[in-house]
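Commentary on secondary and tertiary structure
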Amino acid sequence: MDRPRSPRLGPAMHELSIAMSIVDLALDEARERRVTIDAVYLDLGPLSGVVADALRFSWEIACQDTALQGSRLLIREIPVEIHCSTCNANRTLDSVQWLCCPVCGTPALEVIHGKELAIIALEVRDEQPAAAPRSA
Ligand SMILES: [Zn+2]
């Protein structure tokens with residue numbers, strides 16, 4: 001790689017747009033349920049094409065100046081699991097470089113897990129007027 005023009009922004013642009021759509025979804029939910037969102041739980045598979053670290057990095061930027069500012073993004077990284085037709089068994093892969101059965105080497109035709117990119121839960125707080133103000 002020789003000197004990308006914007007090394008800081010370049011690789012994360014994709015994740016930033018993903019982060020922003022997750023923020024949008026969460027904001028809708030927050031409005032509908034009249035709650036404040038403290039944390040968003042996300043399932044993320046390596047085959048989704050989204051890099052967890054880049055997404056974490058983008059989260060703060062995506063939340064800026066929204067009701068989600070200060071919220072956390074908690075990513076559960078889902079390992080890749082394939083079904084091997086030769087072994088007739090499901091196998092978890094350590095590497096996503098080779099989508100082959102780690103036992104017999106048959107190329108995986110069927111991916112069971114690893115493509116996930118989904119909000120699985122929101123940690124929310126009721127939006128209530130502060131009845132008991134915190135001690136200052
Ligand atoms: Zn196999």
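Preceding this paragraph is the structure being described.
Presented here is a report on the structure given in the accompanying data block. These numbers come from a predicted model, not from an experiment.

1. Considering the sheet that holds strand S6 (residues 117–126)
On the basis of which strands lie adjacent, the open sheet formed by 3 strands has the order S2-S1-S6 and mixed pairing. Every other strand in the sheet has two partners, leaving strand S2 (72–77) and S6 as the edge strands with one partner each. Direction aside, the axes of adjacent strands within the sheet are offset by 20 degrees on average. With 9 bridges joining them, strand S1 (residues 35–44) and S6 adopt antiparallel strand pairing. Counterpart to valine 35 in the pairing with S6 is aspartate 126. Where helix H1 (residues 13–33) meets the sheet, it contacts S1 and S6, and its direction lies at approximately 140 degrees from that of S1. The strands touched by helix H2 (residues 52–63) are S1 and S2; relative to S2, the strand with the most contacts, the crossing angle is about 170 degrees.

2. Details of the packing of H1 against H2
It is at 8 Å that the axes of H1 and H2 come closest, and there the two elements cross at 55 degrees. The angle between H1 and H2 falls in the class oblique. Judged by the sense of rotation from one axis to the other, the crossing of H1 with H2 is right-handed. The residues of H2 that touch H1, namely those facing Glu15, Leu16, Ile18, Ala19, Met20 and Val23, are Ala54, Leu55, Ser58, Trp59, Ile61, Ala62 and Cys63. Residues belonging to the contact of H1 with H2 are distributed by class as follows: 11 nonpolar, 1 polar and 1 charged.

3. Describing H1
With 21 residues, H1 should cover 30 Å at 1.5 Å per step; its first-to-last C-alpha distance of 30 Å lies within 8% of that length. Residues of H1 that are buried: Glu15, Ile18, Ala19, Ile22, Val23, Ala26 and Ala30. For H1, the buried positions fall inside an angular range of 140 degrees around the axis, keeping them on one side. Away from its buried face, by an angle of more than 90 degrees, H1 presents the exposed residues Met13, Ser17, Ser21, Asp28, Arg31 and Glu32. Against the buried residues of H1 lie S1, H2 and S6. Following H1 by one or two positions, arginine 34 has its phi on the positive side, about 50 degrees.

So, how was this worked out
- Residues numbered from 1 in each chain as written.
- Predicted model: local features only at pLDDT ≥ 70, side-chain atom pairs only at ≥ 80, totals over all residues.
- Pairing = 2+ DSSP bridges.
- Helix = DSSP H or I, 4+ residues; strand = E, 2+ residues; numbered from the N terminus.
- Axes fitted to C-alpha atoms, helices over the stretch in contact; angles between N-to-C directions.
- Contact = placed C-beta atoms within 7 Å.
- Parallel < 35°, antiparallel > 145°, perpendicular 65-115°, else oblique.
- Left-handed = near helix turned anticlockwise from the far one by under 90°.
- Nonpolar A, V, L, I, M, F, W, Y, C, P; charged D, E, K, R; others polar.
- Expected span 1.5 Å × (residues − 1).
- Buried ≥ 20, exposed ≤ 12 C-beta atoms within 10 Å, placed from the backbone.
- Arc of directions from axis to C-beta.

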